[in-house]
Amino acid sequence: MELHAKKFALACIATFFIIGFIASILLIMMSQMMNGISGHMFDENYAAMGWHMSTYGFLVGIFIWSIAAGIIGWLFATIYNKLVR
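Because the structure is a prediction, the values reported are computed rather than measured.

1. Describing helix 1 (residues 5-29)
Now for step 1: In a regular helix each residue adds 1.5 Å, so 25 residues correspond to 36 Å; helix 1 covers 36 Å between its end C-alpha atoms and thus fits that length.
Now for step 2: Against helix 2 (31-42) and helix 3 (55-84) lie the buried residues of helix 1.

2. Looking at the layout of surface pockets
Now for step 1: Each pocket or cavity is described by its volume, and for the largest pocket that value is around 250 Å³.
Now for step 2: Phe16, Ile19, Gly20, Ala23, Ser24, Leu27, Met53, Gly61, Ile62 and Trp65 are the residues that line the largest pocket.
Now for step 3: Elements that contribute at least two residues to the lining of the largest pocket include exactly helix 1 and helix 3.
Now for step 4: A total of six residues in the lining of the largest pocket trace back to one element, the largest contributor, which is helix 1.
Now for step 5: Of the residues assigned to the lining of the largest pocket, the class counts are seven nonpolar, three polar and no charged.

3. Points about helix 3
Now for step 1: Counted at 1.5 Å a residue, the expected span for helix 3 with its 30 residues is 44 Å, and the 43 Å between its end C-alpha atoms agrees.
Now for step 2: Among all positions in helix 3, only Phe58, Ile62, Ser66, Ala69, Gly70, Gly73, Ala77 and Asn81 are buried.
Now for step 3: Tucked into the core, helix 3 has its buried residues touching helix 1.

4. Description of the confidence of the model for the chain
Close inspection of predicted coordinates is inappropriate in any region flagged by low pLDDT.
Now for step 1: For the chain, mean pLDDT is 88; residues scoring 70 or higher make up 95% of the total.
Now for step 2: Within the chain, no element has a lower average pLDDT than helix 2, which sits at 76, and none a higher one than helix 3, at 94.

5. Regarding the packing of helix 1 against helix 3
Two measures define how a pair of helices packs: the angle their axes make with one another and the distance between the axes.
Now for step 1: Two elements in contact, helix 1 and helix 3, have axes whose closest approach is 7 Å; the angle formed by their N-to-C orientations is 150°. Taken together, the axis directions place helix 1 and helix 3 in an arrangement best described as roughly antiparallel. You can see that helix 1 and helix 3 cross each other, and the crossing is right-handed. Contacts between helix 1 and helix 3 involve Ala5, Lys6, Phe8, Ala9, Cys12, Ile13, Phe16, Phe17, Gly20, Phe21 and Ser24 from the first element and Phe58, Ile62, Trp65, Ser66, Ala69, Gly70, Gly73, Trp74, Phe76, Ala77 and Thr78 from the second.
Now for step 2: For the contact of helix 1 with helix 3, the class distribution of residues is 15 nonpolar, six polar and one charged.

The rules behind each value
Residues numbered from 1 in each chain as written. Predicted model: local features only at pLDDT ≥ 70, side-chain atom pairs only at ≥ 80, totals over all residues. Heavy atoms only, no water. Helix = DSSP H or I, 4+ residues; strand = E, 2+ residues; numbered from the N terminus. Expected span 1.5 Å × (residues − 1). Contact = heavy atoms within 4.5 Å. 1 Å grid on protein atoms, 1.4 Å probe; cavity = no way out; pocket = protein on both sides within 12 Å on 5 of 7 lines; lining within 4 Å. Points joined across faces, edges and corners; volume = space filled by probe spheres on them. Nonpolar A, V, L, I, M, F, W, Y, C, P; charged D, E, K, R; others polar. Buried < 20%, exposed > 50% of the residue type's maximum accessible area, 1.4 Å probe, protein only. pLDDT = per-residue confidence, 0-100. Axes fitted to C-alpha atoms, helices over the stretch in contact; angles between N-to-C directions. Parallel < 35°, antiparallel > 145°, perpendicular 65-115°, else oblique. Left-handed = near helix turned anticlockwise from the far one by under 90°.

See below:
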């Protein structure tokens, strides 16, 4: 079975956009709890730092992560297709 590299890349872009959007909304709505969760994930204390997310930071971040996910997805599908042949 061969993967369609462009379609797979678009699926990765859409998935990362949705997850990034949800994560950003959670960060805005529950910043203290998200600080705690991130601190536990990285064994750090982020509670003292406090997070601030601007609209520009949100848009640029979600765009860059989505494009990176698309490139990685395309590369994955391309390598997979070459290995299957």
